[in-house]
Each structure stands twice: as structure tokens, then as C-alpha cells.
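Structural features, examined
Here's the letter readout for the chains.
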Amino acid sequence: MNKFFRLEENQTNIKTELIAGFTTFLTMVYIVVVNPAILSNAGVPIDQVFMATIIAAVVGTLIMAFAANYPIAIAPGMGLNAYFVTEVIQQDVSYSVIFGAVFLAGILFVILSLTRLREILITAIPSSLKYGITSGIGLFIAFLGLRMSGIIVASETTLVTLGDLTTPSTALTVLGLIVTLILISRNVTGGLFIGMIITGIVAYFTGQLQIEAVASVPPAPVFWDIDIAGVVSNGLYTVIFAFLLVTIFDTTGTMVGVAEQAGFIRKDGSLPRARAALTADATATTVGAMFGTSPSSAYIESSSGVAAGGRTGLTTMVVAGLFILSMFFSPVVGAVSGVPAITAPVLIIVGCFMMEGLAKVNWGSFDDAFPAFITILIMPLTSSIATGIAFGFITYPLLKLVKGKGKEVHWILYVFAIIFILQMIFFPGH
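Keep in mind that what you see is a predicted model, and the values were worked out from it rather than measured. (Residues numbered from 1 in each chain as written. Predicted model: local features only at pLDDT ≥ 70, side-chain atom pairs only at ≥ 80, totals over all residues. Heavy atoms only, no water.)

For the chain, the count of helices and strands is 19 helices and four strands. Against the 2.2 N^0.38 benchmark of 22 Å for 430 residues, the chain shows a C-alpha radius of gyration of 21 Å, consistent with a compact globule. Overall, the chain is about 60 × 60 × 45 Å in size when its C-alpha atoms are taken along their principal axes. Buried positions account for 56% of the 430 residues belonging to the chain. Within the chain, counting contacts between residues at least 6 apart in sequence, those at least 24 apart form 81% of the total. Carbon and sulfur atoms make up 68% of the accessible area of the chain, which amounts to about 17,800 Å² in all. (Helix = DSSP H or I, 4+ residues; strand = E, 2+ residues; numbered from the N terminus. Rg over C-alpha atoms; globule rule 2.2 N^0.38 Å. Buried < 20%, exposed > 50% of the residue type's maximum accessible area, 1.4 Å probe, protein only. Contact = heavy atoms within 4.5 Å. Areas by Shrake-Rupley, 256 points an atom, 1.4 Å probe, with all protein chains shown as cover.)

Below, the structure is given as C-alpha cells:
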């Protein structure tokens, strides 16, 4: 094991890697509960999402461990799971159709990861749009958490308004949010997960959570609940593009960030074994769709394991092993997923984390600022990541052209802008 993972070369040891793996798992295990809770709103059975989430995480994380030897864990990403639900509802299609879109996006993702196209696409799209997309998704999932919990409710006069904070579920959400915020502010490892546990305990003793069993034999996974024909017949090509584009930005940015923290980035800015690392999340997305979950991504929570000393794939092998063990706790996950007050605080807080990039937008330059702003604004207001991306991709090259900076824009952006304009005119709602 020492030789296989090159522990001495990376100045680490088995004990440190084990601790780092447990630390990373503790900070990201919330996805095992939150993902089924979100996707169940689209009608996907909780047990199916539960197993698909774990399978995708294990596949992607093991590829990262053995092929890339990096301490970067993979699992279904936040934001795209919420987008999955809204697309099922807005397109008025079965969840199997949207799984088809995820699968096709995953196949394209794998192809891009095996070529230089992924790198070209990343460099072609300006930073302001990348940060705008990530921040818009942050607002999108935070708004979802507020709605799920009843903190924000519908209003005929103002569209949305403050809900009744005295109702048991909403009051528990507020309590859980405060507790989790305190834990994270105190830099407690696994603060999100521990906050869920504390909220769950309160929910149990107040009668809002009923648990019939703690552990059981893992549910049987569901394979190939996918309708690709429905993707074509409903013209959901923009949805495929949105899944693909956001996953590329999210996972690549996270991977580079964690790699920099661990000291893996070379002086020329390149990442050793990049192709193997980039293939891990793409494969996890494809496999996850086959079993029934939204796209996967590299997890920024991996930085907690790196901070604990993790430097090799042994860290991520431990994470994968712990995800496998979590398969035996489906009764608890199923019960918790049905209580929005336990999962809503996670959505709200993760939404905050995703706003970090706003500080890097050049707000002093209007032709950079407005495309980011409109992207951020449109996503939560339309409940559509794809629509937010479309507005950003249309306004960015337009403003650059009228500003006399048209040559600074990569030709790919002009192509995307034209495609989005045509799509909005002839295929609105897709």
C-alpha cells in the first residue's frame, strides 16, 4: 500500500491518510441524505436515489484513488440535483427522461475529458460567467431550501413572502440552521452533517421524525431507468448542455482548488495525471445516471481531508469504503429525507458557500459585471440553470461587441449565443 500510493514520495503515512479519509467523508456524507430528499420531489424513489448516490460516489472516488492517486472525492453535486427536479416539473416529463439527459451529458463529459476540448471550453468561457453561474446555482439551491422548509411561501401579491415561523417544521428548520451555522462558524469538522444529526434528534423527540429501524440490508439498486427517446422527442438539448457545462465548471474549479491546496499544481500551472482525474467525475456522472441520480462532481469538502494531511489516493479509497458502509443505513436515510427541516439548512448554507466567486467578478467593468449579474438573477427567479446560462451567454458577447472588445471573445461564445437566441425564439421552455 505504501508503494502503490507512493506515500513516502508524498510525505505522508497510512495513519494520516486514514484520518484524512474519515475527515473528508464526514464533511460530505450529508449528500447521502440530502440527494434522496431533493430528487424524491421529482418522484424518484428514495431508495433508488440513495443507492445511486453511493454507487456514483464510490465509482468516481475509486477512479480518483487508483487512476489519479489524488485525495479528491467525487459524489453527486449540489445544485444540479435541484435543477433536475425543476426540469422534471417544468418540462412535464417523467424523471426517466431527465435521467436520459444526464446520461447523454455524461457521455459527452467522458469524451471531452479524454480530449483537449474540455480544456478549450474551460479557457474560452470568461471568469465572470463562470463565477456568475456558480453563484446563481448557490442562490437557486438556497431558495429551494427556504421554500422546502416553509420559511418562504407563495404570495398572490408579491409572488413570495415570509412564511409562518411558528409552525413546527419551519421552527425546527430555523433551529437547525442556527445550530449548523454555529458549528461551521466554530470550524467544527463535519459541521453540516453534525447539524443534521442534532436537528434530527430534536425532530425525533418532537414527533416530526419516525425511525422504525437504523440499519438493514442495502436496497436493490435500479439499473437503466432511462428514457433517451424522450430527450429527443421533447427537444431537451439545452438541458443536456446545462448539465454538461455546469458540471465541467464546478468539478474542474474544485479539482484545481484542492490540488493547489495540496501542492500538486506544477510551476507551469499544469496538473499531473489530469486526464485520469478529469475522467473520474465524468464516469461517475454517466454511471450515476444509469442507476438514478443527478450529475457528479469533485467535492470542495475534500479540502478538509487535505488540511488533515491527506495527499494520496489512499485518502479517497477510505472515503469510498465509508460510502459503501453507509449503504446499510437506508432506513434512517429514508426517514430523514422525509423531514425537510433536517435537510433545508444544508441547502441554505451550501448556497452561501457557492457565492464566494462573486468577489472575483470585475464589478467595475459593466460588460463583465452585467452578464454575471443577469445569470445570477435569472436562475432562482426562473428555477432554471439553463435559462440563467442562456442570458449570460447572450449578453456577454453582445456587450463586448458594442464596447469594441469583440475580438476578446472566443468564437465558441458567439456560437453559443446564436444557439441560445434561436432556442429561446423557437423552442421556449426547453
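On we go from here.
Estimates place the volume of the second largest pocket at around 530 Å³. Lining the second largest pocket are 21 residues, and of these Val33, Phe193, Ile197, Phe329 and Val332 sit closest to its centre. Elements with a minimum of two residues in the lining of the second largest pocket: helix H2 (30-39), helix H9 (191-205), helix H14 (313-325) and helix H15 (330-337). For the lining of the second largest pocket, the element with the most residues is H9, which contributes six residues. Of the residues contributing to the lining of the second largest pocket, the split by class is 19 nonpolar, two polar and no charged. (1 Å grid on protein atoms, 1.4 Å probe; cavity = no way out; pocket = protein on both sides within 12 Å on 5 of 7 lines; lining within 4 Å. Points joined across faces, edges and corners; volume = space filled by probe spheres on them. Nonpolar A, V, L, I, M, F, W, Y, C, P; charged D, E, K, R; others polar.)

Of note, the phi angle at Arg6 is positive, near 55 degrees, even though the residue is not glycine. Unlike most non-glycine residues, Asn187 shows phi in positive territory, near 55 degrees. Looking at the secondary structure, you find Asn187 in the loop between helix H8 (168-185) and H9. Here Asn187 falls in the exposed class, since its relative accessible area comes to 68%.

What follows is about empty space enclosed by the protein. Counted under the stated rule, the structure contains one cavity of 30 Å³ or more. Roughly 80 Å³ of volume is contained in the largest cavity. Mapped by element, the contributors of at least two residues to the lining of the largest cavity are helix H7 (127-149) and helix H11 (237-262). Element by element, the count of residues in the lining of the largest cavity is highest for H11, at four residues.

Let's shift gears to the pattern of salt bridges. Following the criterion strictly, the structure yields five salt bridges and no others. The shortest N-O distance in the salt bridge between Lys400 and Asp367 comes to 2.8 Å. Highlighted residues: Lys400 in helix H18 (residues 385-402) and Asp367 in helix H17 (residues 366-382), separated in sequence by 33 residues. Under the relative-accessibility criterion, Lys400 is labelled buried at 2%. Note that Lys403 is salt-bridged to Asp367, the shortest N-O span being 3.4 Å. Taken together, the residues Lys403 in the loop between H18 and helix H19 (411-426) and Asp367 in helix H17 connect sequence positions 36 residues apart. Among the ionic contacts, a cluster of salt bridges with common partners joins Asp367, Asp368, Lys400, Lys403 and Lys405. (Salt bridge = Lys/Arg side-chain N within 4 Å of Asp/Glu carboxyl O.)

Before going further, it helps to examine the environment of Val222. Mapped onto the elements of the fold, Val222 is located in the loop between H9 and helix H10 (228-233). Along the sequence, Val222 and Lys403 sit 181 residues apart, while their C-alpha atoms lie 53 Å from each other. Other than its neighbours up to four places away in sequence, Val222 contacts Gln48, Met290 and Phe291.

Positionally, Ser296 belongs in strand E4 (residues 296-298). Once residues within four sequence positions are removed from consideration, Ser296 is found in contact with Ala56, Ile74, Ala75, Pro76, Gly77, Thr247, Asp281, Ala284 and Thr285.

Moving on to the pairing of strand E3 (residues 159-162). Bridge analysis of strand E2 (residues 152-155) against E3 gives four bridges, and the strand direction is antiparallel. Paired with Val153 across the bridge in E3 is Thr161. Count of turn residues in the E2/E3 antiparallel hairpin: three residues. (Pairing = 2+ DSSP bridges.)

This part covers H7. Counted at 1.5 Å a residue, the expected span for H7 with its 23 residues is 33 Å, and the 33 Å between its end C-alpha atoms agrees. Looking one or two residues beyond H7, the residue adopting positive phi is Gly150, at roughly 85 degrees. (Expected span 1.5 Å × (residues − 1).)

Two elements in contact, H8 and helix H16 (residues 340-353), have axes whose closest approach is 8 Å; the angle formed by their N-to-C orientations is 45 degrees. The angle between H8 and H16 falls in the class oblique. Here H8 runs over H16; the crossing is right-handed. Side by side, H8 and H16 meet where Ser169, Leu172, Thr173, Gly176, Leu177, Thr180, Leu181 and Ile184 of the first sit next to Ala341, Ala344, Pro345, Ile348, Ile349 and Phe353 of the second. (Axes fitted to C-alpha atoms, helices over the stretch in contact; angles between N-to-C directions. Parallel < 35°, antiparallel > 145°, perpendicular 65-115°, else oblique. Left-handed = near helix turned anticlockwise from the far one by under 90°.)

As a further point, take the nonpolar core. Among the nonpolar cores identified, the biggest contains 105 residues, and Met78, Phe84, Phe243, Phe323 and Ile389 are the most heavily contacted of them. Once residues lying within four places of it in the same chain are set aside, the contact partners of Ile389 are Ile133, Phe241, Ala242, Leu245, Val246, Thr375, Met379 and Phe420. Within the second largest apolar cluster, 17 residues are counted, among which are Leu271, Ala277, Leu278 and Val306. (Core = buried A, V, L, I, M, F, W, Y, C linked by side-chain atoms within 4.5 Å.)

Glancing now at the packing of H2 against H15. Contact geometry of H2 with H15 gives a least axis separation of 9 Å together with a crossing angle of 50 degrees. The pairing of H2 with H15 is recorded here as oblique in orientation. Here H2 runs over H15; the crossing is right-handed. The residues of H15 that touch H2, namely those facing Val32, Val33, Pro36 and Ala37, are Val333, Val336 and Ser337. Looking at the contact of H2 with H15, its residues break down into six nonpolar, one polar and no charged.

Keep in mind that these numbers describe shape and distance, not what the molecule does.
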